[in-house]
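# Overview (structure and organization)
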Amino acid sequence: MSERGGIFAGNDPFVLARQWLAEAEKSEPNDANAIALATVDSQGLPNVRMVLLKEIEPAAFVFYTNYESAKAGELDGAGKAAFVLHWKSLRRQIRVRGTISREDGPLADEYYASRSLKSRLGAWASRQSQPLDSRTALMAEVAKVTARLGPNPPRPTFWGGYRIVPSEIEFWADGAFRLHDRFVWRREGADQHWRIERLNP
């Protein structure tokens, strides 16, 4: 593939990412929107974990978490993050790097309200990333929260979203004999035009 076309066609990487995700949702056994989210702590030591990507906006990627978690502390501290979406069924991946901001307004309220009741109550009960004596203790806290908040709990102030505005997005597809196809979109700032390059495998 000497020119960009086929599965790489188009000049808007967010549209292309949505197309690839929609295709993956038809073939992946579960959680096609799972991303490996990478952060660094205050010492520069990397961390990575799986989270669910919940929205591909016209200019950003959005996921949700507990603001008191280790990942949130690292996101807020560095102001930057990276992630990869990888689909074994398609033999493709998307890599993203960019800056971070919180989404703790109406969009976060809307997403929280769309979750199952047990997930909403679980968000209240879990002190994410903190030591836990036992699973029994966690379930007891869930019971307390359920009794206190009832069937329609509000979104906790310590729970919400993060938005990654990318400076770099790479689309990768498996090629025969490890001669993969890679195209990267790069820009200096969110208001700048994308530069698109093919990369060596």
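Given the structure is predicted, the values throughout are model-derived calculations rather than measurements. (Residues numbered from 1 in each chain as written. Predicted model: local features only at pLDDT ≥ 70, side-chain atom pairs only at ≥ 80, totals over all residues. Heavy atoms only, no water.)

## Things to note about the packing of helix H4 (residues 117–125) against helix H5 (residues 135–149)
Condition: Every angle, taken between N-to-C directions, lies between 0 and 180 degrees, and every axis is a line fitted to C-alpha atoms, over only the stretch in contact when it is a helix. Helix and strand definitions here come from DSSP, where helices need a minimum of 4 consecutive H or I residues and strands a minimum of 2 consecutive E residues; each element is numbered from the N-terminal end. Here the angle decides the label: under 35 degrees means roughly parallel, over 145 means roughly antiparallel, 65 to 115 means roughly perpendicular, and every other value means oblique. By convention the crossing between two helices is left-handed if the near helix lies anticlockwise of the far one by an angle smaller than a right angle, and right-handed if it lies clockwise. When checking whether two residues touch, look at their non-hydrogen atoms; a contact exists if any pair is within 4.5 Å. Each residue gets one of three labels, nonpolar for Ala, Val, Leu, Ile, Met, Phe, Trp, Tyr, Cys and Pro, charged for Asp, Glu, Lys and Arg, and polar for the others, Gly among them.
Packing of H4 against H5 brings their axes to within 9 Å, and their N-to-C directions diverge by 110 degrees. Judged by the inter-axis angle, H4 sits roughly perpendicular to H5. Our pair here, H4 against H5, has a crossing hand that is right-handed. Of H5, the residues touching H4 (which contributes Leu121, Trp124 and Ala125) are Leu138, Glu141, Val142, Val145, Thr146, Arg148 and Leu149. Considered class by class, the residues forming the contact of H4 with H5 number seven nonpolar, one polar and two charged.

## Remarks on the pairing of strand S3 (residues 61–66)
To be explicit about the condition: When accessible area is computed with a 1.4 Å probe and restricted to protein chains, residues below 20% of their type maximum are described as buried, those above 50% as exposed, and intermediate ones as partly exposed. Here, any two strands with at least 2 DSSP bridges between them count as paired.
Among the six residues that make up S3, six are buried, leaving the element largely enclosed by the rest of the structure. Here strand S2 (residues 46–56) runs beside S3; their pairing, made up of three bridges, is antiparallel. Of the residues in S3, the one forming a bridge with leucine 53 is phenylalanine 63. Here S2 folds back onto S3 in antiparallel fashion, the turn holding four residues. Of the strand pairs in this sheet, S3 and strand S6 (residues 159–173) are connected by six bridges, and their pairing is antiparallel. From the neighbouring strand, asparagine 66 faces S6, where its bridge partner is tryptophan 159.

## Regarding the layout of surface pockets
Unfilled space is identified by rolling a water-sized probe across the atoms. Stated formally: With a 1 Å grid spanning the protein atoms alone, the term cavity applies to any set of points in which a 1.4 Å probe fits but cannot get out, the term pocket to an open set with protein on both sides within 12 Å along at least five of seven lines, and the term lining residue to any residue with an atom within 4 Å of a point. Grid points are joined across faces, edges and corners, and a volume is the space filled by probe spheres set on the points.
By volume, the largest pocket is sized at about 350 Å³. Forming the boundary of the largest pocket are 16 residues, of which Tyr64, Thr65, Arg115, Gln128 and Trp159 lie nearest the centre. Mapped onto the lining of the largest pocket, the elements with two or more residues apiece are S2, S3 and H4. Sorting elements by how many residues they give to the lining of the largest pocket places S2 first, with four residues. Broken down by class, the residue content of the lining of the largest pocket amounts to seven nonpolar, six polar and three charged.

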